[in-house]
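Structural overview for review
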Amino acid sequence: MTQDELKEAVARAALSHIVEGQIVGVGTGSTARKFIDALAEIKDRIPGAIASSEDTRKRLESHGIRVFDLDDIAKLPVYIDGADEIAPGMHMTKGGGGALTREKIVAAVAEKFVCIVDRTKFVDNLGKFPLPVEIIPMARAHVARQLVRLGGNPVLREGFTTDNGNLILDVGGLDIRDPVNLETQINQIAGVVSNGLFACRPADICLLGTENGVRTLTRNAET
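This write-up is about the structure you can find in this document. Bear in mind the structure is a predicted one, so any value in this text is a computation, not a measurement.

The rules we used
Residues numbered from 1 in each chain as written. Predicted model: local features only at pLDDT ≥ 70, side-chain atom pairs only at ≥ 80, totals over all residues. Heavy atoms only, no water. Salt bridge = Lys/Arg side-chain N within 4 Å of Asp/Glu carboxyl O. Helix = DSSP H or I, 4+ residues; strand = E, 2+ residues; numbered from the N terminus. Buried < 20%, exposed > 50% of the residue type's maximum accessible area, 1.4 Å probe, protein only. Axes fitted to C-alpha atoms, helices over the stretch in contact; angles between N-to-C directions. Parallel < 35°, antiparallel > 145°, perpendicular 65-115°, else oblique. Left-handed = near helix turned anticlockwise from the far one by under 90°. Contact = heavy atoms within 4.5 Å. Nonpolar A, V, L, I, M, F, W, Y, C, P; charged D, E, K, R; others polar. Pairing = 2+ DSSP bridges. Polar contact = N/O pair within 3.5 Å; in protein donor to acceptor, adjacent residues only side chain to side chain. Phe/Tyr/Trp six-rings, centres within 6.5 Å; stacked < 30°, edge-to-face > 60°.

**Section: the pattern of salt bridges**
One pass over the full model with this rule turns up 17 salt bridges. Arg12 serves as the salt-bridge partner of Glu41, at 2.6 Å between the closest nitrogen and oxygen. With a gap of 29 residues between them, Glu41 in the loop between helix H2 (30–39) and strand S2 (49–51) and Arg12 in helix H1 (residues 3–13) connect regions that are remote in the sequence. Of the charged contacts, one joins Lys94 and Asp81 as a salt bridge, the two residues approaching to 2.7 Å between their closest N and O atoms. You can see Lys94 sitting in the loop between strand S6 (92–93) and helix H4 (100–109) and its partner Asp81 sitting in strand S4 (residues 78–81), a full 13 residues away along the chain. Exposure class is identical for Lys94 and Asp81. Each is buried. Because the salt bridges share partners, they merge into one network encompassing Glu54, Arg57, Glu61, Asp69 and Arg102.

**Things to note about the packing of H1 against H2**
Look at H1 against H2: their axes get within 8 Å of each other, and the N-to-C directions meet at 50°. Overall, the two elements H1 and H2 adopt an arrangement that is oblique. When the axes of H1 and H2 are compared, the crossing they make is right-handed. Of H2, the residues touching H1 (which contributes Asp4, Lys7, Glu8, Val10, Ala11 and Arg12) are Ser30, Thr31, Lys34, Phe35 and Ala38. Classifying every residue of the contact of H1 with H2 gives four nonpolar, two polar and five charged.

**A closer look at the pairing of strand S7 (residues 112–118)**
Buried residues dominate S7, accounting for six of its seven residues. As paired strands, S4 and S7 are joined by four bridges and run parallel to one another. By the bridge assignment for S7, Val78 is matched with Lys112.

**Considering the side chain of Asp81**
Given the relative accessible area of 0%, Asp81 is considered buried. A polar side-chain atom of Asp81 sits 2.6 Å from a polar atom in the side chain of Tyr79. Polar contacts involving the side chain of Asp81 include one to the side chain of Lys94, which spans 2.7 Å. Ignoring anything within four residues of it in the chain, the contact list for Asp81 reads Gly27, Thr28, Ala32, Lys94, Glu103, Phe113, Val114, Cys115 and Ile116.

**What to know about the packing of aromatic side chains**
For the structure shown, the criterion picks out one aromatic pair. Here Tyr79 and Phe113 contribute two aromatic rings whose centre-to-centre distance is 5.0 Å and whose plane-to-plane angle is 45°, an arrangement assigned as tilted. Of this pair, Tyr79 sits in strand S4 while Phe113 is found in strand S7, placing the two residues 34 residues apart along the sequence. No difference in accessibility class separates Tyr79 from Phe113, as the two residues are buried.

Shown next as structure tokens:
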């Protein structure tokens, strides 16, 4: 199977985690877009969705799926999104599409976080994919210096502005042995809005697309 076919398989498998009659949170990126296309086939079973980015909002609306504001809902049973990397402990690196802050907010509200990825995104340890860090523009130099002190090599994502009007530093060279601690450390740097480590709030379930079908992984087991 091609990578595209694996993404399609996990996107469709994620439909089984939808709670009928309830709003669903939807992530951002190529796999999330495939999930939106699959979700459109059962859109009559849900009142609508929460979007983690403007790109996602537009795609949902193009399928006739109503998009709610997060502040207007009291409950979000499930959030479905992809990842740039995910490790066995369900810790992730996200933000390749630049939507990490809004993704973190939606994930924080959701009762269950389902990560959908193809086999290439599953790794033993995080760190090969550069870690995105969203920053306030005026703090660019300060944050970059602090990230260097943490062992990273920050590079500005040229020509890119987040939906929140901020910049992204993509940080290579990090040895992410303790993702929870590193996520906390980076978030404490003045000028950092959020970073792409999803370790303090990891995924609950990973639907992993493989040549032998979709595997369901949890933090401690596989089904």
